[in-house]
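Reading the structure
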Amino acid sequence: MTPSFLHRLARVNPTTAFVGALVLLLAGLFLPGIVGALLLGVLAAGLAALTFTTWPVQSGITRAVRLVLLSVLVAAVVAKAL
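What comes next is a walk through the structure. (Residues numbered from 1 in each chain as written. Predicted model: local features only at pLDDT ≥ 70, side-chain atom pairs only at ≥ 80, totals over all residues. Heavy atoms only, no water.)

On to the environment of Gln-58, then. As for its placement among the helices and strands, Gln-58 is situated in the loop between helix 3 (33–53) and helix 4 (60–81). Residue Gln-58 is classed as partly exposed on the basis of its relative accessible area of 22%. The spatial distance from the C-alpha of Gln-58 to the C-alpha of Gly-20 is 23 Å, given a sequence separation of 38 residues. With residues up to four places along the chain from it excluded, the contact list for Gln-58 reads Arg-63 and Arg-66. (Helix = DSSP H or I, 4+ residues; strand = E, 2+ residues; numbered from the N terminus. Buried < 20%, exposed > 50% of the residue type's maximum accessible area, 1.4 Å probe, protein only. Contact = heavy atoms within 4.5 Å.)

With that settled, the discussion passes to helix 2 (residues 14–30). Relative to the 24 Å expected for 17 residues at 1.5 Å per residue, helix 2 spans 24 Å between its end C-alpha atoms, a close match to the ideal helical length. Sitting at the head of helix 2, Asn-13 places a side-chain oxygen 3.1 Å from the backbone nitrogen of Thr-15. (Expected span 1.5 Å × (residues − 1). Polar contact = N/O pair within 3.5 Å; in protein donor to acceptor, adjacent residues only side chain to side chain.)

What follows covers the packing of helix 2 against helix 3. The geometry of helix 2 relative to helix 3 is characterised by a closest axis approach of 7 Å and an angle of 150° between their N-to-C directions. Relative to helix 3, helix 2 is oriented roughly antiparallel. As helix 2 runs across helix 3, the sense of the crossing is left-handed. Along the contact surface, helix 2 presents Ala-21, Leu-24, Leu-25, Ala-27, Gly-28 and Leu-29, while helix 3 presents Gly-36, Leu-39, Leu-40, Val-42 and Leu-43. Here the residues of the contact of helix 2 with helix 3 are counted per class, giving nine nonpolar, two polar and no charged. (Axes fitted to C-alpha atoms, helices over the stretch in contact; angles between N-to-C directions. Parallel < 35°, antiparallel > 145°, perpendicular 65-115°, else oblique. Left-handed = near helix turned anticlockwise from the far one by under 90°. Nonpolar A, V, L, I, M, F, W, Y, C, P; charged D, E, K, R; others polar.)

Written out as structure tokens, the structure is:
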């Protein structure tokens, strides 16, 4: 990721980011089959990128929580795809 992307990401309104992620999560959960799995996969990829980009500045408990949430999301993707 380039620094300009990270600067733009830092300027995103937190409410907008939350609502966007919530819409993507709900659409992924309620849409059937592979379409829902793809949406959840996009969300998982975004969470993984955010987690590993900010890894050095996070506390241990924050890292653990993010890894658990990422694992649950990936499990949801696999379950939805089957």
